[in-house]
Amino acid sequence: MKEVLLKIKRQDNPQTKPYWEEFKVPLTPKMNVISCLLEIQKNPVNVKGQQTTPIVWDCNCLEEVCGACTMIINGIARQACAALVENLTQPIVLQPLTKFPLVRDLMVDRIKMFENLKKIRAWVPIDGTYYLGPGPKVSQSVQEKVYPISTCMTCGCCMEACPYVNNKSNYMGPTAMAQVYLFNSHPTGAMEKEKRLDAITGDGGIADCGKALNCERVCPKEIPLVSIIGELNRQTTFRSFSRWLFK
């Protein structure tokens, strides 16, 4: 029977030292990385024949929609559910994302991305003390332009690839920038356009982007992050001049 060899970087908790452990699992047709991890979970014995603890990882939809199973696979940040074994070189090397706090093994805490979405008000304000009436229509051209951004699953691939997201910077990252553009493009969301632009003008904002272009290369949804950030640069510059002229 053919087997799959996996080399996994493990760590019991953030305070302990990481270590590598190898496993072999039976190869089955159309097998993905999640399938391999499930096989290890059934029988957590490494290649040395030693009984060990099951691998800890995160997953949910298994359809490349939620982004929860994002990890570094053979050196590239991607979703484990969409990584087919037949398309990967062996040993398949699995590592946790490095730009987020580690929980255990391959699981990380991506909460800072969601906190950044709060900062830039990534929602359309429809609640209030008074009736706002029916929502305005969105033109077909605008829908087609912003739809790719709406497919973002907050997976963290762009954050992992961005050299300006690090422990020496407060940069919110490409994910937050794209959502600013998305919600400012909505007729109702545009009511808070200036607040969103102000949120990315200061510390950790768009000025911290160094235009490395890595984010767009690794985005699994092929969101045009580079052009979005370029447009936001123009908008924030215009906003800054307006504030200066009319203060």
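Each remark here, short or long, concerns the structure printed above.
As the structure is a prediction and not an experimental result, all values here were calculated from the model.

Definitions and cut-offs
Residues numbered from 1 in each chain as written. Predicted model: local features only at pLDDT ≥ 70, side-chain atom pairs only at ≥ 80, totals over all residues. Heavy atoms only, no water. Buried < 20%, exposed > 50% of the residue type's maximum accessible area, 1.4 Å probe, protein only. Helix = DSSP H or I, 4+ residues; strand = E, 2+ residues; numbered from the N terminus. Pairing = 2+ DSSP bridges. Polar contact = N/O pair within 3.5 Å; in protein donor to acceptor, adjacent residues only side chain to side chain. Salt bridge = Lys/Arg side-chain N within 4 Å of Asp/Glu carboxyl O. Patch = residues over 30% accessible without salt bridge, like charges linked within 9 Å, V, L, I, M, F, W, Y side chains within 5 Å. Areas by Shrake-Rupley, 256 points an atom, 1.4 Å probe, with all protein chains shown as cover.

### Considerations on the pairing of strand E4 (residues 76-79)
- Only one face of E4 is buried, namely the one carrying Ala77 and Gln79, since none of Ile76 and Arg78 on the opposite face is buried.
- Here strand E3 (residues 70-73) pairs with E4 via 4 bridges, running antiparallel. Its bridge partner lying in E4, Ile72 is registered against Ala77.
- The antiparallel pairing of E3 with E4 creates a hairpin that spans 2 residues between the two strands, and Asn74 there sits at a positive phi of about 50°.

### Focus: the side chain of Arg239
- Mapped onto the elements of the fold, Arg239 is located in helix H8 (residues 225-245).
- Residue classification places Arg239 among the buried residues on the basis of a relative accessible area of 16%.
- Among the polar contacts made by the side chain of Arg239, one reaches the side chain of Asp198 at a distance of 2.9 Å.

### Details of the pattern of salt bridges
- One pass over the full model with this rule turns up 10 salt bridges.
- Put simply, Arg10 and Glu21 hold a salt bridge, and the shortest N to O gap is 2.8 Å. Of this pair, Arg10 sits in strand E1 (residues 3-10) while Glu21 sits in strand E2 (residues 19-26), and the two are 11 residues apart along the sequence.
- For Arg10, a relative accessible area of 0% translates into the label buried.
- Note that Arg234 is salt-bridged to Glu231, the shortest N-O span being 2.6 Å.

### Some thoughts on a nonpolar patch on the surface
- Together, Phe241, Trp244, Leu245 and Phe246 give the surface a local cluster of nonpolar side chains, amounting to about 560 Å² of exposed area.
- Note on placement: Trp244 falls in helix H8.
- By relative accessible area, Trp244 is classed as exposed at 55%.

So, to be careful, I would describe these as geometric facts and stop short of saying anything about function.
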